[in-house]
Amino acid sequence: MASAVWGGAPWWGPPPPAPARPLTDIDFCSGAQLRELTQLIQELGVQESWSNGPKPGPDLLQAKDFVFSLLGLVHRRDPRFPPQAELLLLRGGIREGSLDLGPAPLGPYARGPHYDAGFTLLVPVFSLDGTGPELQLDLESCYAWLLLPELERGTPVREAWQDCLGPPVPGGCDSSHRNDNEESPADQLHGYVTEPEPQVSLEKSSSDVSGPESPGRDVTDFGSPAPLKTLSGDVTQPADPSGVPKPSEEREVWPTLCPAQVAAWFFASLAAVAEDLIPVPGAPRLVHAARHAGFTTVLLATPGPPRRLLLFDLIPVVSVAGWPKEARSHSWAGPLAPGSASFYLVPGGSTERSGASGWQLCFARQELALKARIPEPLLQAHAAAQALLRPLVAGTRAAAPYLLRTLLYWACERLPALYLARPENAGACCLGLLDDLGRVLEAGALPHYFLSGRKLRAGDGATALREALARLRGDPAGALRAAVEEAKAARKGGGLAGVGGGVH
């Protein structure tokens, strides 16, 4: 009996091959298939998403409450700390591009090997009106100076912040702050910064960050577990008051609120409170804290199981009501909401320069609003590019993570929204962001998204990073597979290499 034939082939046989796809979804640089890259990006998004993880809610909420309680204890110790500050919590640590601090030493932490998820918490320690005489803005350099009068509404402000005063800024902005390339070694802010860098140990991990430590690093080598003890320095050591200018009611010689001194005070207050903490069963545990540039990094271990390590970058900021006159107030997403007409001053990378007293402008609240309007496929592409960049910048001074975030905003300005919103274009968008970053690293700068005419610097390590990025760009599929496996390991929690315990 003759077999039945359907379409010229036996009905019981395999289906006919599908028509060949046109070879238009191939990456010219690496030969990788864009469809495969998109699938890997989507899988990476699933593995790195805490919303689908095993009981993530209680862990994160407990850790957040622990940090807020810690800050409340700081207020009880030092009334200068605001009791009901408007805190802004951002997903992702500073090393993942949550804030622009410029090229600065950020410590040896890397997501995956050292912690499971990172967050940034902006803590306003001072609030003011942007139209007052206390604030001097220099949009050309993206810095601001906060001048302190003798009295503010009858309160002796200058006396209260005596240990955080910096040099005055005669006649406006000090010219020394205009030179972005002029830097001095860390911890040498003569007369205005606590020396030496405080280091206190709470607990030590059995494993440490891989790679050699240079003498200038803020995090030292750690050994076996040890009880709370001071390693070196005094966490409450005040700055030398001899370098503080004499008070004067003439505005031109008002002393400034020094960001480096504020960061040192902030860390010293946290360290002093951490010394008195008593571990509570079933609650998160502070296992590490360190000061890097102008912010403090803490690692919290959740009770589990599974045990997770959460990183919080706590940065003291000045909250400014209003909006700089020359800053952009609109974007591809339309005008900014009226409630977001405010910005922050943060201790940037300039805290390393001798006598630096300028704060760096920060538009974190506006960026949070913009991120909510970015199409999901482009956000996935950015997260994947960020994951590929992560091991390349760990332990360096590179500003590349925030440059990558800024490229995300410029991509929304340049490309059609319908293209960015198509899920199948995630692979091409990821490669495009990496290619744009390579060009920025070659040029050494990127236009600021909010301040017209201002450029973000790539930092001194841009050349080495560009070479590493070019090697990665030759095999993006392999790099994405490795990132997926790393995300799977981090998702399980526990068993990850620590960065050492303690407060540094």
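Calculation criteria
- Residues numbered from 1 in each chain as written.
- Predicted model: local features only at pLDDT ≥ 70, side-chain atom pairs only at ≥ 80, totals over all residues.
- Heavy atoms only, no water.
- Helix = DSSP H or I, 4+ residues; strand = E, 2+ residues; numbered from the N terminus.
- Contact = heavy atoms within 4.5 Å.
- Buried < 20%, exposed > 50% of the residue type's maximum accessible area, 1.4 Å probe, protein only.
- Pairing = 2+ DSSP bridges.
- 1 Å grid on protein atoms, 1.4 Å probe; cavity = no way out; pocket = protein on both sides within 12 Å on 5 of 7 lines; lining within 4 Å.
- Points joined across faces, edges and corners; volume = space filled by probe spheres on them.
- Nonpolar A, V, L, I, M, F, W, Y, C, P; charged D, E, K, R; others polar.
- Expected span 1.5 Å × (residues − 1).
- Phe/Tyr/Trp six-rings, centres within 6.5 Å; stacked < 30°, edge-to-face > 60°.
- Lys NZ or Arg CZ within 6 Å of the ring centre and 35° of its normal.
- Axes fitted to C-alpha atoms, helices over the stretch in contact; angles between N-to-C directions.
- Parallel < 35°, antiparallel > 145°, perpendicular 65-115°, else oblique.
- Left-handed = near helix turned anticlockwise from the far one by under 90°.
- Salt bridge = Lys/Arg side-chain N within 4 Å of Asp/Glu carboxyl O.

Participant: Honestly, the environment of Leu389 in this entry has me stumped. Any pointers?
Facilitator: Secondary-structure assignment places Leu389 in helix α6 (residues 376–393). A C-alpha to C-alpha distance of 9.8 Å links Leu389 and Ala479, two positions 90 residues apart in sequence. Once residues lying within four places of it in the same chain are set aside, the contact partners of Leu389 are Ala400, Pro401, Leu404, Leu437 and Leu465.

Participant: Before we go on, may I ask you to explain the pairing of strand β6 (residues 143–146) in this structure?
Facilitator: Successive residues of a regular strand alternate their side chains across the two faces of the sheet. Neither face of β6 is open: one carries Tyr143 and Trp145, the other Ala144 and Leu146, and all of them are buried. Here strand β5 (residues 135–138) pairs with β6 via four bridges, running antiparallel. Its bridge partner lying in β6, Gln136 is registered against Trp145. A loop of four residues connects β5 with β6, the two strands running antiparallel in sequence, and Cys142 in this loop sits at a positive phi of about 65 degrees.

Participant: Looking at this structure, I do not really get the layout of surface pockets. What am I missing?
Facilitator: One water molecule sets the probe size; rolling that probe over the atoms shows where empty space is left. Roughly 650 Å³ of internal volume is contained in the largest pocket. Contributing to the lining of the largest pocket are 26 residues, with Arg91, Lys371, Leu379, Ala383 and Gln386 lying nearest its centre. Within the residue set of the lining of the largest pocket, elements represented by two or more residues are α1 (34–48), β4 (117–129), α6 and α7 (400–414). Sorting elements by how many residues they give to the lining of the largest pocket places α6 first, with eight residues. Grouping the constituent residues of the lining of the largest pocket by class yields eleven nonpolar, seven polar and eight charged.

Participant: Just to check I follow, could you spell out α6 for this structure?
Facilitator: Owing to its 3.6 residues per turn, the α-helix aligns residues three or four sequence positions apart on the same side. Its 18 residues give α6 an end-to-end C-alpha distance of 25 Å, which sits within 8% of 26 Å, the value for a rise of 1.5 Å per residue. Among the 18 residues that make up α6, 13 are buried, leaving the element largely enclosed by the rest of the structure. Two residues or fewer past α6, Gly395 is found with a positive phi of approximately 80 degrees.

Participant: Would you explain the packing of aromatic side chains in this entry?
Facilitator: The geometry of an aromatic ring pair is captured by the separation of the ring centres together with the interplanar angle, meaning the angle of the planes. Under the criterion given, the structure shown has eleven aromatic pairs. Where Trp410 meets Tyr449, the ring centres are 5.0 Å apart and the plane angle is 75 degrees; that geometry is what we call edge-to-face. Here Trp410, found in helix α7, pairs with Tyr449, found in the loop between β18 (445–447) and β19 (455–457); they are 39 residues apart in sequence, far enough to count as distant. Of the aromatic side chains, those joined through ring pairs into one cluster are Trp323, Phe343, Phe363, Tyr409, Trp410, Tyr449 and Phe450. Seen from the ring of Tyr449, Arg328 lies directly overhead, with NZ or CZ sitting 4.5 Å from the centre.

Participant: Is there a simple way to explain the packing of α6 against helix α10 (residues 462–473) in this structure?
Facilitator: Packed helices, taken two at a time, are described by the angle their axes make and the gap between the axes. As a packed pair, α6 and α10 sit with axes 10 Å apart at the nearest point and diverge in direction by 135 degrees. When the axis of α6 is compared with that of α10, the two are oblique. Helix-helix and strand crossings are classified by hand; for α6 and α10 the assignment is right-handed. Mapping the contact onto sequence places Leu388, Leu389, Leu392 and Val393 in α6 and Leu465, Ala468, Leu469 and Leu472 in α10. Grouping the constituent residues of the contact of α6 with α10 by class yields eight nonpolar, no polar and no charged.

Participant: Could you clarify how one ought to interpret the pairing of strand β16 (residues 342–346) in this entry?
Facilitator: Among the five residues of β16, five are classified as buried, and the element is accordingly described as predominantly covered. Neither face of β16 is exposed, since Ser342, Tyr344 and Val346 on one face and Phe343 and Leu345 on the opposite face are all buried. Relative to β16, strand β13 (residues 309–321) runs antiparallel, the two being bridged by four bridges. Within the sheet, the bridge partner assigned to Ser319 lies in β16 and is Tyr344.

Participant: What am I meant to see in the pattern of salt bridges here?
Facilitator: Oppositely charged side chains are able to pair whenever their charged atoms sit close together. Taken as a whole and assessed by the stated rule, the structure comprises 14 salt bridges. Measuring nitrogen to oxygen at the nearest pair gives 2.6 Å for the salt bridge that ties Arg473 to Asp27. With a gap of 446 residues between them, Arg473 in helix α10 and Asp27 in the loop between β2 (9–10) and α1 connect regions that are remote in the sequence. The same class applies to Arg473 and to Asp27, which are both buried. Linking Asp436 and Arg414 is a salt bridge whose minimum nitrogen-to-oxygen distance equals 3.2 Å. Residue Asp436 is found in helix α9 (residues 426–443), and its partner Arg414 is found in helix α7; the two are separated by 22 residues along the sequence. Among the charged side chains, a salt-bridge network with shared partners connects Asp27, Asp435 and Arg473.

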